[in-house]
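Spelled out from the first residue to the last, the chains are:
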Amino acid sequence: MEFYGTKSHVMKALLTVIVLVLCTIFSKAQDIEKTTRVIELLKDKTNLSKLHFPKSVQRFYTKNNAEYAWFDRQDRDQPEIAILLLGYAEQFGLSSSDYHCQELLPEKLRAFESPAVDDPDGKAWFDILLTDAIMTFTNNLHFGKFNPRYTSSDIDAGDIHGFCSDDKLTFALTQNDFLKKLLEVQPQIKAYTDLQNYLNTLYANDMALVAPLELDKITINMERLRWIETSSDNYILVNIPSYSLELHSNKTQYDFKVIIGKPSTPTPVLESTVTHFTTAPDWKVPQTIFRKEMLPKILKNERYLADHHYSIYDQNGHEVVITSAKLKDISRNPSKYSIRQSSGCDNALGAVVFRFTNSYGVYLHDTSQRQLFGKNERALSHGCIRVQDAAKLASLLLTYDHSEVQIPIAEKAMVDYKRKDFVLKQPIPIIITYLTCLIKNEKPVFYQDIYHLDDALQKKINVQK
């Protein structure tokens, strides 16, 4: 009996091992089957054409061994959260219709999670669609939908300034705070977070009380803010429609009035970095201003040059002695000459100019016409930005740069109109943007659409709805 009992235990143990092996083989077979389904579906060009970011989706599944992203997960809440998030896209100034929401229904998700439903192709395609939808949503949150710098193809190629939606999703799926990690892709710039927080408040209350125009303005300006690439907490933000400059330094905001370009000579939207500023600058007049505005005045009045401290130079950089004969030659061949204004109280750049690289030839500077800051509408320049209290801005930049010892030197150089360069050890980003709505004291403030740019962007957004 002892031998028989031992044999029985051995047989039971052997059967258990066989069952475990068979289960493992079956499980692996299921894994291979679902992996094969995903791979096969992603090989089909028709299927790929239905995805917004097909290359990103392919990269995602390749990096994750073509396994399901949303099914058979330990955290079963993540797919529900993802679908719910897409349904609330409007709360982020986006449209849920952009994210396969007609196909990504919660009841479909629950059906595919049930063992009773045997539709491996349907399950794999649902998984792929949800992956594409979430990556599209994160791309739209981060870059916007109509980014003038990057097309969808550029973004789909991956890794723009370290951002790649497939990597972001892979990481978020491994985190307990999945939703928080997804939403961290949004811009962190204050103007954006203010608009997003205000939009959240609107949706938390009665949306029926919100004017459609107000919602449209918030949406288009959130879109513009997503185009900004600067991620630093310290930056200069010039907003054209509000005629304002904000210096954000060490979590403190300093506000300045500015004068910006006329509609006929608009200030460009751009991003760059202020590397240094120069006291008592001279002004090399742009050729268009020289030809169209100054030359007629010079020809009419020979004293114009001396009265405004201008000098004319030839192509070799030599100052030209002005005679009647020379003026005739300049009039016939203006492109062969240039004009500069020496530093001083009448200089158009004022006592200081802040330098940043850009292809438009614009800069930020003081002005000799400080009385113009008393006007409410200040679209008065040829495209450059004139800032009120430029000396204070220079001092704040030196403080930001931990170069406080240089402040009295800079102040004296400005008062005495002595040329001197102050190079920042920590160059600061500058953002020149176009925002017709900002949140001030927790309320939206709307600004005149000076350059008439809102309508075109609003039409693009409406077409996509």
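Everything quoted here is computed from the prediction, not taken from an experiment. (Residues numbered from 1 in each chain as written. Predicted model: local features only at pLDDT ≥ 70, side-chain atom pairs only at ≥ 80, totals over all residues. Heavy atoms only, no water.)

**Student:** Is there a simple way to explain the overall build of the chain in this structure?
**Tutor:** The secondary structure content of the chain amounts to 17 helices and 14 strands. In terms of overall dimensions, the chain is more spread out than a globule: its C-alpha atoms have a radius of gyration of 31 Å, far above the 23 Å expected for 465 residues. Dimensions of the chain along its principal axes, counting C-alpha atoms only, are 130 × 50 × 45 Å. Each of the 465 residues in the chain was classed as buried or not, and the buried ones make up 46%. Surface accessibility of the chain: about 24,600 Å² in total, with carbon and sulfur atoms responsible for 53%. The averaged location of the 57 negative side-chain charges in the chain is 7 Å from the averaged location of its 55 positive side-chain charges. (Helix = DSSP H or I, 4+ residues; strand = E, 2+ residues; numbered from the N terminus. Rg over C-alpha atoms; globule rule 2.2 N^0.38 Å. Buried < 20%, exposed > 50% of the residue type's maximum accessible area, 1.4 Å probe, protein only. Areas by Shrake-Rupley, 256 points an atom, 1.4 Å probe, with all protein chains shown as cover. Lys, Arg positive; Asp, Glu negative; His and termini not counted. Charge placed at Lys NZ, Arg CZ, Asp CG, Glu CD.)

**Student:** What am I meant to see in the nonpolar core here?
**Tutor:** Looking at soluble globular proteins, one finds that nonpolar side chains tend to be buried together. Of all hydrophobic cores here, the largest spans 66 residues; its most connected members are Trp70, Ile128, Leu130, Phe137 and Leu169. Ranked by the residues each element gives to this core, the list is headed by helix α6 (residues 120-143), at 12 residues. Membership of the second largest hydrophobic core comes to 59 residues, among which are Val258, Leu270, Val387 and Leu398. (Core = buried A, V, L, I, M, F, W, Y, C linked by side-chain atoms within 4.5 Å.)

**Student:** Explain the pattern of salt bridges to me, please; I cannot follow it from the model alone.
**Tutor:** Any two side chains of opposite charge can pair, given that their charged atoms come close. Evaluated as defined, the whole model comprises 18 salt bridges. The partner of Lys123 in a salt bridge is Asp72, with the nearest N and O atoms 4.0 Å apart. Within this pair, whereas Lys123 is found in helix α6, its partner Asp72 is found in the loop between α3 (54-63) and α4 (77-87), the two being separated by 51 residues in sequence. The closest approach of N and O atoms between Lys190 and Asp194, which form a salt bridge, is 2.7 Å. Taken together, the positions of Lys190 and Asp194, both in helix α10 (residues 190-204) and 4 residues apart, correspond to about one turn of that helix. Lys190 gets classed as partly exposed once you look at its relative accessible area, which sits at 37%. (Salt bridge = Lys/Arg side-chain N within 4 Å of Asp/Glu carboxyl O.)

**Student:** Can you walk me through the layout of surface pockets in this structure?
**Tutor:** Over the atoms a probe the size of a water molecule is rolled, and this reveals where empty space is left. Here the largest pocket defines a volume of roughly 940 Å³. Lining the largest pocket are 37 residues, with Trp283, Ile289, Glu293, His382 and Arg386 sitting closest to its centre. Where the lining of the largest pocket is concerned, the elements lending two or more residues are β5 (283-284), α12 (287-300) and β10 (379-381). The element that contributes the greatest number of residues to the lining of the largest pocket is α12, accounting for 6 residues. (1 Å grid on protein atoms, 1.4 Å probe; cavity = no way out; pocket = protein on both sides within 12 Å on 5 of 7 lines; lining within 4 Å. Points joined across faces, edges and corners; volume = space filled by probe spheres on them.)

**Student:** Would you mind showing me how to read the side chain of Arg378 here?
**Tutor:** Topologically, Arg378 is positioned in the loop between β9 (364-365) and β10. Nearest to the buried, unbridged Arg378 among oppositely charged side chains is Glu377, at 9.9 Å. From its side chain, Arg378 meets the backbone oxygen of Val258 in a polar contact 3.0 Å long. Setting aside its immediate chain neighbours within four residues, Arg378 contacts Ser242, Tyr243, Lys257, Val258, Ile259, Ile260, Leu372 and Phe373. (Polar contact = N/O pair within 3.5 Å; in protein donor to acceptor, adjacent residues only side chain to side chain. Contact = heavy atoms within 4.5 Å.)

**Student:** I keep staring at the packing of aromatic side chains and nothing clicks. Help me out?
**Tutor:** Within a pair of aromatic rings, the relevant descriptors are the distance that separates the centres and the angle that separates the planes. What the rule picks out here adds up to 14 aromatic pairs. Residues Phe277 and Phe422 carry aromatic rings whose centres are separated by 5.1 Å and whose planes lie at 15° to one another, so their mutual orientation is stacked. Taken together, the positions of Phe277 in strand β4 (residues 270-279) and Phe422 in strand β12 (residues 420-433) put the pair 145 residues apart, joining distant regions of the chain. Relative accessible area serves as the criterion here: at 0%, Phe277 is assigned to the buried category. On the basis of an interplanar angle of 10° and a centroid distance of 5.9 Å, the ring pair of Tyr304 and Tyr310 is categorised as stacked. Considered together, Tyr304 and Tyr310 belong to a single accessibility category, that of buried residues. The rings of Tyr68, Phe71, Phe112 and Phe126 are connected pair by pair, giving a single aromatic cluster. Cation over ring: Arg340 sits above Tyr313, and NZ or CZ is 4.2 Å from the ring centre. The ring of Tyr363 has Arg355 lying over it, and the distance from NZ or CZ to the ring centre is 5.6 Å. (Phe/Tyr/Trp six-rings, centres within 6.5 Å; stacked < 30°, edge-to-face > 60°. Lys NZ or Arg CZ within 6 Å of the ring centre and 35° of its normal.)

**Student:** Looking at this structure, I do not really get the confidence of the model for the chain. What am I missing?
**Tutor:** Per-residue pLDDT for the chain has a mean of 89; in total, 91% of the residues score no lower than 70. No element of the chain has a lower mean pLDDT than helix α1 (residues 2-43), which averages 59, and none a higher one than strand β1 (residues 235-239), which averages 98. Between residues 18-31, whose pLDDT stays under 50, and residues either more than four places distant or in other chains, the model counts 0 contacts. (pLDDT = per-residue confidence, 0-100.)

**Student:** Explain the pairing of strand β7 (residues 338-341) to me, please; I cannot follow it from the model alone.
**Tutor:** With 2 bridges connecting them, β5 and β7 associate as antiparallel partners. Paired with Trp283 across the bridge in β7 is Gln341. Bridge count between strand β6 (residues 310-313) and β7: 4 bridges; the pairing is antiparallel. Along β7, the bridge assignment pairs Ile312 with Ile339. (Pairing = 2+ DSSP bridges.)

**Student:** Help me out: how do you make sense of the environment of His100 in this one?
**Tutor:** Among the secondary structure elements, His100 is positioned in the loop between α4 and α5 (106-113). For the pair His100 and Leu86, spaced 14 residues apart in sequence, the C-alpha separation works out to 8.8 Å. Dropping the residues within four chain positions of it, His100 is found in contact with Lys50, His52, Leu129, Asp132 and Ala133. A polar contact of 2.7 Å, which involves the side chain of His100, links it to the side chain of Asp132.

**Student:** Sorry if this is basic, but what is going on with the packing of α5 against α6 here?
**Tutor:** Any two packed helices are characterised by the angle at which their axes cross and by the distance between the axes. Interaxial distance between α5 and α6 falls to 10 Å at its minimum, and their mutual angle equals 130°. In this view, α5 runs oblique relative to α6, as classed from their interaxial angle. Every pair of crossing elements has a handedness; the one defined by α5 and α6 is left-handed. Residues Lys108, Leu109 and Phe112 of α5 lie in contact with α6, whose contacting residues are Gly122, Lys123 and Phe126. In terms of residue class, the contact of α5 with α6 is made up of 3 nonpolar, 1 polar and 2 charged. (Axes fitted to C-alpha atoms, helices over the stretch in contact; angles between N-to-C directions. Parallel < 35°, antiparallel > 145°, perpendicular 65-115°, else oblique. Left-handed = near helix turned anticlockwise from the far one by under 90°. Nonpolar A, V, L, I, M, F, W, Y, C, P; charged D, E, K, R; others polar.)

**Student:** Help me understand the sheet that holds β6, please; the structure alone is not making it clear to me.
**Tutor:** Strand pairing in a sheet relies on backbone hydrogen bonds. The paired strands run either parallel or antiparallel. On the basis of which strands lie adjacent, the open sheet formed by 3 strands has the order β5-β7-β6 and antiparallel pairing. Unpaired on one side and paired on the other, β5 and β6 mark the two borders of the sheet. The strands touched by α12 are β5, β6 and β7; relative to β7, the strand with the most contacts, the crossing angle is about 80°.

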